[in-house]
Every structure is written in C-alpha cells, then in structure tokens.
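Tertiary structure, described
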Number of protein chains: 2
Amino acid sequence: MTHLPKTFPEKLGGAPHSKQSLRLWLRMLSCTILIENTIRNRLAEQFSTTLPRFDVLSALERHPDGLTMGELSRFLMVSNGNVTGLVSRLEADGFVVRSRAPKDRRTHYVKLTDKGMEQFKAMAHVHENWIDEMFASISVEEENRLMDDLRQVQNSVIRSNPEKNPS
Amino acid sequence: MTHLPKTFPEKLGGAPHSKQSLRLWLRMLSCTILIENTIRNRLAEQFSTTLPRFDVLSALERHPDGLTMGELSRFLMVSNGNVTGLVSRLEADGFVVRSRAPKDRRTHYVKLTDKGMEQFKAMAHVHENWIDEMFASISVEEENRLMDDLRQVQNSVIRSNPEKNPS
DNA sequence: ATAAAAAACTTTATGTTTAAAATAAAATCG
DNA sequence: CGATTTTATTTTAAACATAAAGTTTTTTAT
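Here's what I pulled together on the structure shown here. (Residues numbered from 1 in each chain as written. Chains lettered and ligands numbered in written order. Predicted model: local features only at pLDDT ≥ 70, side-chain atom pairs only at ≥ 80, totals over all residues. Heavy atoms only, no water.)

**So, the relation of the copies chain B and chain A**
By a simple turn and slide, chain B fits onto chain A: the slide is 0.0 Å along the axis, the RMSD is 0.1 Å, and the turn is 180 degrees. The transformation just described matches what one would write down for a two-fold rotation axis. Looking at the interface residues of chain B, 98% of them are also at the interface in chain A, so both copies use one shared face. (Least-squares fit on C-alpha atoms with pLDDT ≥ 70 in both. Contact = heavy atoms within 4.5 Å.)

**Re the protein's contact with DNA strand D**
Around DNA strand D sit 24 residues in total, of which A:G70, A:R106, B:T50, B:S79 and B:R89 are the nearest. The sugar-phosphate portion of DNA strand D accounts for 77% of its atoms within 4 Å of the protein, the bases making up the rest. Within the side chain of A:R98, one N or O atom sits 3.1 Å away from a phosphate oxygen of DNA strand D. Within the side chain of B:R106, a nitrogen or oxygen atom sits 3.4 Å from a base oxygen of DNA strand D. Elements represented by at least two residues in the surface near DNA strand D include exactly α3 (69-76) and α4 (80-92) of chain A together with α3 (51-61) and α5 (80-92) of chain B. Top contributing element to the surface near DNA strand D by residue count: α5(B), with four residues. (Near = heavy atom within 4 Å. Polar contact = N/O pair within 3.5 Å; in protein donor to acceptor, adjacent residues only side chain to side chain. Helix = DSSP H or I, 4+ residues; strand = E, 2+ residues; numbered from the N terminus.)

**Quick notes on the protein's contact with DNA strand C**
Taken together, 24 residues form the shell around DNA strand C, and within it A:S79, A:R89, B:G70, B:T84 and B:H108 come nearest. Close to the protein, within 4 Å, the atoms of DNA strand C belong to sugar or phosphate groups at a rate of 74%. Here a phosphate oxygen of DNA strand C sits 3.2 Å away from a polar atom, N or O, in the main chain of A:K103. A distance of 2.7 Å is found between a phosphate oxygen of DNA strand C and a backbone nitrogen or oxygen belonging to B:H108. Sorting elements by how many residues they give to the surface near DNA strand C places α4(A) first, with four residues.

**Considerations on the pairing of strand β3 (residues 108-112) of chain B**
Residue and element names in this part refer to chain B. Examined bridge by bridge, strand β1 (residues 67-68) and β3 share two bridges and lie antiparallel to one another. Bridge pairing in β3 places L67 opposite V110. Bridging between strand β2 (residues 96-100) and β3 involves five bridges; their strand directions are antiparallel. Note that in β3 the partner of V97 across the bridge is K111. (Pairing = 2+ DSSP bridges.)

**A closer look at the packing of aromatic side chains**
Aromatic ring pairs are described here by two measures, namely the spacing of the ring centres and the angle between the planes. Under the defined criterion, the tally for this structure stands at four aromatic pairs over all chains. Sitting above the plane of the A:F95 ring, A:K115 keeps its charged end 4.9 Å from the centroid. (Phe/Tyr/Trp six-rings, centres within 6.5 Å; stacked < 30°, edge-to-face > 60°. Lys NZ or Arg CZ within 6 Å of the ring centre and 35° of its normal.)

**Describing the pattern of salt bridges**
Using the criterion set out here, one finds 14 salt bridges over all chains in the structure. In this structure, A:E128 and B:K19 form a salt bridge, with 2.9 Å as the shortest nitrogen-oxygen distance. With A:E128 in helix α5 (residues 114-134) and B:K19 in the loop between α1 (9-13) and α2 (20-47), the pair connects residues from two separate chains. As a salt-bridge pair, B:E91 and B:R98 come within 3.2 Å of each other at their nearest N and O atoms. (Salt bridge = Lys/Arg side-chain N within 4 Å of Asp/Glu carboxyl O.)

Structure below.
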C-alpha cells in the first residue's frame, strides 16, 4: 500500500500508475492549501481583508475595461452566485462599481474604483513579496519545470473532461 | 530573524525571479481549482455528497484508530470550528461517531462507522479512477518530477515561515 | 494546595460557496 | 408580431469556513 513492489504489476493495456497519480494530487492539494492559508492569514493580519476579496480586486486590476459578472465568475472559477455577494460587499465598501451596459441591460460591468485600485496596489506589492519569500529556495530551473509540468496537468485534466469544463 | 542565506543576491539589486514565482503560484492555484471543481461536481452528481465530507471520511479511513477533533483539523488544514460542523453533520447521518476519551475528558475521538467505511470505500475507488483519468496524459517521469518539485515547494514555504505554520 | 496557564473543543458572528430556482432581458423562430 | 428559448444575473437555502470568544478540563508554577 505504501511502498511499491519491485515488480510493478501493471496491466499492459494502459493501467494507470497505480496510486501514483492520487499521491501527486494530494501533494498538489496540500501544497496549495499551505500557501493559501499563509496568504489568508497575512491578508487578515496586515490588511484586514480576505483572500476572495483580494482575488476579485486582482482580477479587476488585470482587466481595466471592467468585467461582466459572468466573466468574473469564470475567471475566478467560482460560482456566479458567489461573485454577486463578493461584489456587493466590495461595492458597499467603495472598492468597485457596477454599471449597466447600455446595449444589453442584463449585463453589469464591474470595475475598480480609484480607491479600489489604490488598495489593490498597496496589497499587490506586499503579496508578491510573500510569494517570492515562499518560493525563495526554488531555483529558476525548478520554477520553469513546474510551470511546464503544471501546464501539462491542466491540459490533461481538460482533455479528460470533454463535454463540460467545470465552472 | 528569518533563515535566509546570508548571501541573498536578490535582496540587493531588485526583483528576484521577477514575477516568475507569482505566475507559478497562480498556475498552481488554477490547476488545483480545476481539479477540485471536477471532483466536487462528480461527487455531487454520483454520490450526492460534498468534497469536505469526502475529505473527512478519507482522513478517518487513513487513521483506523480514530482521530481527535484537533488532529483532524490539522490533518485537513482547516479550522477547528469547521471540523465541528462537518463531524456533527456526518455523525447525524451515521457515517462517523464521536466518543470521549476516558483519560482526558476534553478530547473527542472521531471514527468511521461501518456505514461510513462502506460509503467511503465505494467512493474511494471511483475517486481514484477520476484522478487517474485526469492525469492520464502525464508520464510517470513527469509525475515523479512533480512530486519532487512540489516537495521542494512545501519545504520552501515552511522554511519561509519560521514562527508559525498556518493552520 | 491554589491560581494561572494551556489545551481541546464548541459556539458565535460573519463571510464564502455552491446548486438550484427565480427574474429579467435579448435573441430566435414560426 | 407573439411565443419560445437562450443568456445574464440575482436570489435563496443549505453547507462550508474562518477568527474570535467562551466552556470545560488538565497541566504547570508557584
């Protein structure tokens, strides 16, 4: 169970890598949670904000022309109902604004306000330093290799799910 | 204060790997969310359950002697209050049992019931197949490399956070 | 022995998240 | 044109999640 036998009894026809993929997935997950929790704690301590709020501001900063609610939810890979609540709270705090599109009155465009941009910039710089610190003992070669391999994983996952990509 | 090496060339001149580490982190994150969402959707469709519930059952299956609430929350890397609610719901549904320790009456041991074990086994097999499918086009070499590199990342993150490891 | 501190867990308040249902506007079609 | 369908978003209800404060029990230091 924990140790692989010397003679690896894989079937010829394409048996998977035993539990190797599962272990890899669990390591990816714990690694991600570890980093996420670190960022979450520091955002709370130093900026009194939360990771989802930071993620919304970050997404909007990368799209200066604004995003619709649906685009935002797909970009962040969360449900659309989730985005509604987050944006409402951020709007109440003056960090973002919603505006209806003149053409299609169903769509709402969300944009950063000046206050939101300022707040994000202050956080982004520090946030990037946290990431740099956390990855400090990873060499550039390792980082490039990880980038490539993770891209392969993304492609593999998408390829394995032909019909619907999860929201 | 930190355990950074004495010669830390990036500290002086400027940006370390530029925004390379940030990009890597964002790719790790999107990759993880992609897989998580896939699993979440399939657990809902095929077993009418949720990922957090599956995670609890999975953790308990790996610890047949049971876990305390605190051990469980640390193992899953979630808050202790979160575990209380999850376990309460799972207990109400008959998948787990809580029992007080005779020695230390503060601690509650959580264990799988037979029903919980049966339910988990049914899900675990299918779950492993999902993972295998998602990683189908990743070679064994890539998987091993990713395992190693992600271990490096874990170590790097832990090393960068000397005082408190995030819960 | 007794008070203070620590540990294990729960509770509370707030916020996040999802799936599903509801609403509303636009596009399609007969 | 009017009916249907599709699209964009919001609302709802339940579950999930966190931090902080509270409860009970054990340990430690007087």
